[in-house]
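# Commentary on secondary and tertiary structure
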Amino acid sequence: MRRCLQEIGFAEELRHRDFYDVNESQIIYGLRLRGAQHRDTGSDHRQIRFTDIDEIGETNDAYWLSWELDESASRLQKQDFQPIIDQVRQWGGRCLFVAFPGGIPAVDDLVRSLGFRGLE
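Predicted, not measured: the structure shown is a model, and the values here were computed from it.

By the secondary structure assignment, S66 is in strand β4 (residues 62-70). One polar contact links S66 to T51, side chain to side chain, over a distance of 2.9 Å. Those residues within four positions of S66 in sequence are excluded, and the remaining contacts are F50, T51 and D52.

Spelled out as structure tokens, the structure:
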């Protein structure tokens, strides 16, 4: 399957080690349909508001955190994550995934300070 995807132009974008289970990684392939285009986002001051925590299908106790941009949300703080992390631990979760777009003020430093690792 991998060779077939690569032959038609797909490239590995991300690899999540031990995603499905120990020694069972998730590999995400992507196919670029057009070149990168610059979008001027202006001065977007919206903040992130968490909306849900769900178990990722076909995994053993891996969870993801969903969110949306909200003009009325306050800036994320370290303490905003703790109840979410505690809840996932209570459910017996072994890992928690979250993805944010670039350009959200201070999110990258905040999530790294909590122990999240980037997959760029």
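The rest of the description comes next.
The subject of this paragraph is the pairing of strand β2 (residues 24-30). Relative to β2, strand β1 (residues 11-21) runs antiparallel, the two being bridged by six bridges. Opposite L14, over in β2, you have I28 as the bridge partner. The hairpin formed by β1 and β2 contains two residues between the paired strands, and N23 there has a positive phi angle of roughly 65°.

Turning our eyes to something else, we now look at the side chain of D70. By the element assignment, D70 lies in strand β4. Relative accessible area serves as the criterion here: at 16%, D70 is assigned to the buried category. A polar side-chain atom of D70 sits 3.0 Å from a polar atom in the side chain of R49. A polar contact of 2.8 Å, which involves the side chain of D70, links it to the backbone nitrogen of S72. Excluding residues that lie within four positions of it along the chain, D70 makes contacts with R46, Q47 and R49.

A separate point is the sheet that holds strand β3 (residues 47-55). Read across the sheet, three strands follow the order β3-β4-β5 without closing on themselves; strand pairing throughout is mixed. On the outer flanks of this sheet lie β3 and β5 (95-97), each paired with one strand and no other. When strand polarity is set aside, the average angle formed by the axes of neighbouring strands in this sheet is 30°. As defined by bridge partners, β3 adjoins β4 across eight bridges and the pair is classed as antiparallel. What sits directly across from E55, in β4, is Y63.

Quick look at the packing of aromatic side chains now. By the definition in use, this model includes four aromatic pairs. Measuring from ring centre to ring centre gives 5.1 Å for F50 and F81, while their planes differ by 70°; the resulting arrangement is edge-to-face. Of the two residues, F50 is situated in strand β3 and F81 in helix α2 (residues 78-90); the sequence distance between them amounts to 31 residues. Residues F50 and F81 agree in their burial class; the two are buried. Aromatic ring contacts, followed pair by pair, group F19, Y20 and F97 into a single cluster.

Cut-off values and rules
- Residues numbered from 1 in each chain as written.
- Predicted model: local features only at pLDDT ≥ 70, side-chain atom pairs only at ≥ 80, totals over all residues.
- Heavy atoms only, no water.
- Helix = DSSP H or I, 4+ residues; strand = E, 2+ residues; numbered from the N terminus.
- Polar contact = N/O pair within 3.5 Å; in protein donor to acceptor, adjacent residues only side chain to side chain.
- Contact = heavy atoms within 4.5 Å.
- Pairing = 2+ DSSP bridges.
- Buried < 20%, exposed > 50% of the residue type's maximum accessible area, 1.4 Å probe, protein only.
- Axes fitted to C-alpha atoms, helices over the stretch in contact; angles between N-to-C directions.
- Phe/Tyr/Trp six-rings, centres within 6.5 Å; stacked < 30°, edge-to-face > 60°.

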